[in-house]
Amino acid sequence: MRRVAEQSLADQQYVRPLDVLLGLRWLAPSHVDRWRQGRVPFLELEIQAGLGKISTAMAELRGWARAQGLTPSETDYVARTRDRRRLRFSAGGDPHIEAAYRTHWISPDLSERKRERLAQRLNRPPDLVVIEATKPWTCAVCLREYGRLALLMMIDEGPHCLDCADLAHLDFLPAGDATLTRRAKKLSQVSAVVVRWSRARRRYERQGLLVEPAAVEQATRGRPG
């Protein structure tokens, strides 16, 4: 546990319980993605370790962090869903257990201003994610069938089409123009990152952004030239 925590602290100037669970390989990134998408009721269902081992690791993390003089900072976790529901870590939802999972341990070497910026970034709701399908699929809500390349959003019980995910009013802005993308995202009240699975790299790769049409128009008008 200590080696994982030390590496995380060196890499990013803070340590999360999630970092430790991932570093111990009790969680895989795909497990965290399912939880973030609201597809499992609580994270402990995905952790590949018993509750006793989890409790021991969490206690060791707290003890190590305090010994290092790290500063605790509680962070909110919300789902990558339109309702931005608060995510649960434990089966019973005990407030003390939930708070332990949400607590990030911050390096004392960071200035007050940097700690504030870090807290703002960590508490920022995650981007909504839409997937460009690589094979045919059926919407879990309306039961319509879709082919390859059709866009879907994974929510709760399965894939949702953009109509059922309430995202059909958005326009696709391809990746490539970072300035335009940044401006359009800032101007759009709702946005979603579009990704596609790469078999060669075995990971999702960003394809572009879904944003409100008016945001694209406004962002385009604001570009020089």
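Structural data are supplied above this passage.
Residues numbered from 1 in each chain as written. Predicted model: local features only at pLDDT ≥ 70, side-chain atom pairs only at ≥ 80, totals over all residues. Heavy atoms only, no water.

Enquirer: Can you walk me through the sheet that holds strand β2 (residues 71–74) in this structure?
Expert: What holds strands together in a sheet is hydrogen bonding between their backbones, with the strands either parallel or antiparallel. Strand order in the open sheet made by the 3 strands is β1-β3-β2, with antiparallel pairing throughout. Whereas interior strands pair on both sides, the edge strands pair on one side only; in this sheet they are β1 (14–15) and β2. Looking at chain direction, β2 and strand β3 (residues 103–106) are connected through 4 bridges and run antiparallel. In the strand pairing of β3, P72 is matched with W105. Relative to the sheet, helix α5 (residues 95–102) contacts β2 and β3, its axis offset from that of β3 by approximately 40 degrees. (Pairing = 2+ DSSP bridges. Helix = DSSP H or I, 4+ residues; strand = E, 2+ residues; numbered from the N terminus. Contact = heavy atoms within 4.5 Å. Axes fitted to C-alpha atoms, helices over the stretch in contact; angles between N-to-C directions.)

Enquirer: Where do I start with the sheet that holds strand β10 (residues 191–198) in this structure?
Expert: Within the open sheet, the 6 strands sit side by side as β8-β7-β4-β10-β11-β9. Their pairing is mixed. Unpaired on one side and paired on the other, β8 (158–161) and β9 (171–174) mark the two borders of the sheet. The average angle at which neighbouring strand axes cross in this sheet is 45 degrees, direction not considered. As paired elements, strand β7 (residues 151–155) and β8 share 4 bridges and run antiparallel to each other. Bridge assignment links L152 to a residue of β8, and that residue is C161.

Enquirer: Just checking my understanding: could you explain the side chain of T81 for this structure?
Expert: Within the secondary structure, T81 sits in the loop between β2 and α5. Within polar-contact distance, the side chain of T81 engages the side chain of D83 at 2.5 Å. The contact partners of T81, leaving out residues within four places of it in the chain, are Q37, L128, M153 and I155. (Polar contact = N/O pair within 3.5 Å; in protein donor to acceptor, adjacent residues only side chain to side chain.)

Enquirer: Please explain the nonpolar core as it appears in this structure.
Expert: Nonpolar side chains tend to gather and get buried jointly when the protein is soluble and globular. Grouped together as the largest cluster of nonpolar side chains are 19 residues, with contacts concentrated most on L18, L27, W35, L43, I47 and Y101. Those elements giving two or more residues to this core turn out to be α2 (17–23), α3 (29–36), α4 (51–67) and α5. Looking at this core, the element that brings in the most residues is α4, giving 3 residues. The residues contacting L18, other than those within four sequence positions of it, are L27, V32, W35, L43 and Y77. Core analysis: the second largest hydrophobic core is formed by 17 residues, W137, C161, V193 and A219 among them. (Core = buried A, V, L, I, M, F, W, Y, C linked by side-chain atoms within 4.5 Å. Buried < 20%, exposed > 50% of the residue type's maximum accessible area, 1.4 Å probe, protein only.)

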